[in-house]
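One letter stands for each residue in the lines below.
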Amino acid sequence: MPDASRPRVLCISFSDINADSRVLRQLAVLAEDHHVTTLCYGSRPEHASDHIEIDRNLPSLPQTLSGVVKLGLRRFRSVQWEAPATRVAIEKLGDRQFDIVVANEARALPLAFRIAGTPRIWCDLHEWAPAERTHVLSWRLLVAPFMRWICAEYLPRVDAATTINESIADMYRDDFGVEAEIVRNAIGYRADLAPRPVQEDTVRLVHSGGAVPGRNIEAIIDAVDELGEGYTLDLYLIASRDGSAYWRGLRQQIANSERTTLHDPVSPEQLPDALNEYDLGVFLLPPLTPNHRHMLPNKFFDFVQARLGLVFGTSVETDRIISSLQLGVVTQGYGAQDIVSAVRALSRADIEQFKKNADAAAEALSSRADIATERGILDRLS
């Protein structure tokens, strides 16, 4: 039975929280002083006292025939209950009551407001919900208007809202009148790590993350092949579950590259240790959506805690931080040649200075400030 002295929190995330580092960090804070029930795909995460599992094959958007028709007709008030995952969640929750509901991403808001009783609601919006996948035509035509309706309908009524950076917080303020606080995708401060010296004969590039189309991993591999002698690339990739043609093609490209090595993925907690032996963390994300243009991703903070120099494609938030703290270089474009030009211009001394600057900035760019923000929200809502 739940401890009656501890507020009851429901954490909703239409993801597998065990593989969602942002929500895992959030959950650790929730569990400090609360009895936490998770509702998500996959098994019970660490720190959850209770768990409601949703079959990972159930979509969190209304992708049924009736759902697609209602999306097309803009019948949003009705279609909000059409997503198969939402229907099952409503059934499994029944009349259970909670003191606080944390809705991760806007798509969880209708369910959060349907919970029995009158819980306080905190929406962690993560990124800009109305343009999550607007580079996909069907999403842009059918889902984007629905996401905008959800935000307009529910965000003015939440008790707290958070998002990843100031640029996106400004967008939520301007479009929906909600004052979102900032909780970045930062990881914990690794005081035990220090910059490794750059080898005399080799600059070691590294990239980590999901092996999904659009992440431009192919360009990084092409770049290290063109850079030639004295450069290597190591990849820590999370493969797609379906063994997609993209993943198979990427593995073949890696196999054909004499300078690229593929590693098994490591846990978020172990990633800074694995990355620490390298020199430059590389990431180029073409700006296909507003979220791409305003990105501040997990790997940015992973690279900083690992004390690496950064080579990033241009985007609003990362440009600002890299420039102000002298953490690395921003490429002019998003192709292999842009990486080659940026990296070739760096001396060994430049790279070592970037790594020292990352070391100096690591505490400020850790999750400490974000955890304080989350604790402050919970103090107000409890």
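Every chain is numbered independently, its residues counted from 1 as its sequence is written. Where totals are concerned, whole chains, interfaces and linings use all residues; where local detail is concerned, this predicted model gives features only for residues with pLDDT of at least 70, and gives and counts side-chain atom pairs only at 80 or more. Side-chain metrics rest on all non-hydrogen atoms present in the structure, leaving aside hydrogens and water.

Caption draft 1: Region of the structure containing the packing of aromatic side chains. To pair, rings of Phe, Tyr and Trp, with the six-membered ring standing in for Trp, must have centres within 6.5 Å; the planes then decide the type, stacked if under 30 degrees apart, edge-to-face if over 60, and tilted in the middle. Counted according to the given criterion, the structure contains 14 aromatic pairs. When the ring of Phe-14 is compared with that of Tyr-41, the centres are 6.5 Å apart and the planes differ by 55 degrees; the resulting orientation is tilted. Of this pair, Phe-14 sits in strand 1 (residues 8–16) while Tyr-41 is found in strand 2 (residues 35–41), placing the two residues 27 residues apart along the sequence. Each residue's exposure class comes from its accessible area (1.4 Å probe, protein chains only) as a fraction of the maximum for that residue type: buried when under 20%, exposed when over 50%, partly exposed otherwise. Taking the relative accessible area as the measure of exposure, Tyr-41 reaches 9% and is therefore buried. In this structure an aromatic cluster arises from ring pairing among Phe-76, Phe-113, Phe-146, Trp-149 and Tyr-154. Only lysine NZ and arginine CZ atoms are considered, and such an atom sits over a ring when it is within 6 Å of the ring centre and within 35 degrees of the ring normal. The ring of Phe-113 has Arg-157 lying over it, and the distance from NZ or CZ to the ring centre is 4.9 Å. The ring of Phe-283 is capped by Lys-299, whose NZ or CZ atom sits 4.5 Å from the centre of that ring. Under the scheme used here, helices are H or I runs from DSSP no shorter than 4 residues and strands are E runs no shorter than 2 residues, and both carry numbers assigned from the N terminus.

Caption draft 2: Summary view of helix 14 (residues 336–344). Along helix 14, the residues classified as buried are Ala-336, Ile-339, Val-340, Ala-342 and Val-343. The contact rule is simple, with two residues in contact once any of their heavy atoms fall within 4.5 Å. Here the buried face of helix 14 lies against helix 8 (217–227), strand 9 (231–238), strand 11 (280–283), strand 12 (309–313) and strand 13 (328–331).

Caption draft 3: Broad picture of the nonpolar core. Side-chain atoms within 4.5 Å are what join buried Ala, Val, Leu, Ile, Met, Phe, Trp, Tyr and Cys residues into a set we call a nonpolar core. Membership of the largest hydrophobic core comes to 75 residues, with the highest contact counts inside it found for Ile-12, Leu-39, Leu-109, Leu-155, Tyr-172, Phe-300 and Leu-327. Examining the composition of this core, we find that nine residues originate from one element, helix 6 (residues 137–154), more than from any other. Not counting chain neighbours up to four residues away, the residues in contact with Leu-109 comprise Ala-103, Ile-121, Cys-123, Ile-150, Tyr-154, Leu-155 and Val-158. Counting 32 residues, the second-largest nonpolar core is a separate cluster that includes Ala-211, Ile-221, Tyr-246 and Ile-339.

Caption draft 4: Structural detail: empty space enclosed by the protein. Using a 1 Å grid laid over the protein atoms alone, points where a 1.4 Å probe fits but cannot get out form a cavity; open sets with protein on both sides within 12 Å along at least 5 of 7 lines form a pocket; any residue with an atom within 4 Å of a point counts as lining. Grid points are joined across faces, edges and corners, and a volume is the space filled by probe spheres set on the points. The tally for this structure, following the rule as stated, stands at two cavities of 30 Å³ or more. Every residue along the wall of the largest cavity is listed here: Arg-22, Arg-25, Gln-26, Asp-124, Val-183, Arg-184, Ala-186, Ser-367, Asp-370, Ile-371 and Glu-374. Those elements giving two or more residues to the lining of the largest cavity turn out to be helix 1 (21–30) and helix 16 (368–381). The residue classification treats Ala, Val, Leu, Ile, Met, Phe, Trp, Tyr, Cys and Pro as nonpolar and Asp, Glu, Lys and Arg as charged. All others, Gly included, are polar. Along the lines of polarity and charge, the residues of the lining of the largest cavity split into three nonpolar, two polar and six charged. The space that makes up the second largest cavity amounts to roughly 60 Å³. Surrounding the second largest cavity, Ser-60, Leu-61, Pro-62, Val-79, Gln-80, Ala-83, Thr-86, Arg-107, Pro-110, Phe-146, Met-147 and Ile-150 form its lining. The biggest single contributor to the lining of the second largest cavity is helix 6, with three residues. Each residue belonging to the lining of the second largest cavity can be placed in one class, and the counts come to eight nonpolar, three polar and one charged.

So far we have only geometry, and geometry alone does not tell us how the molecule works.
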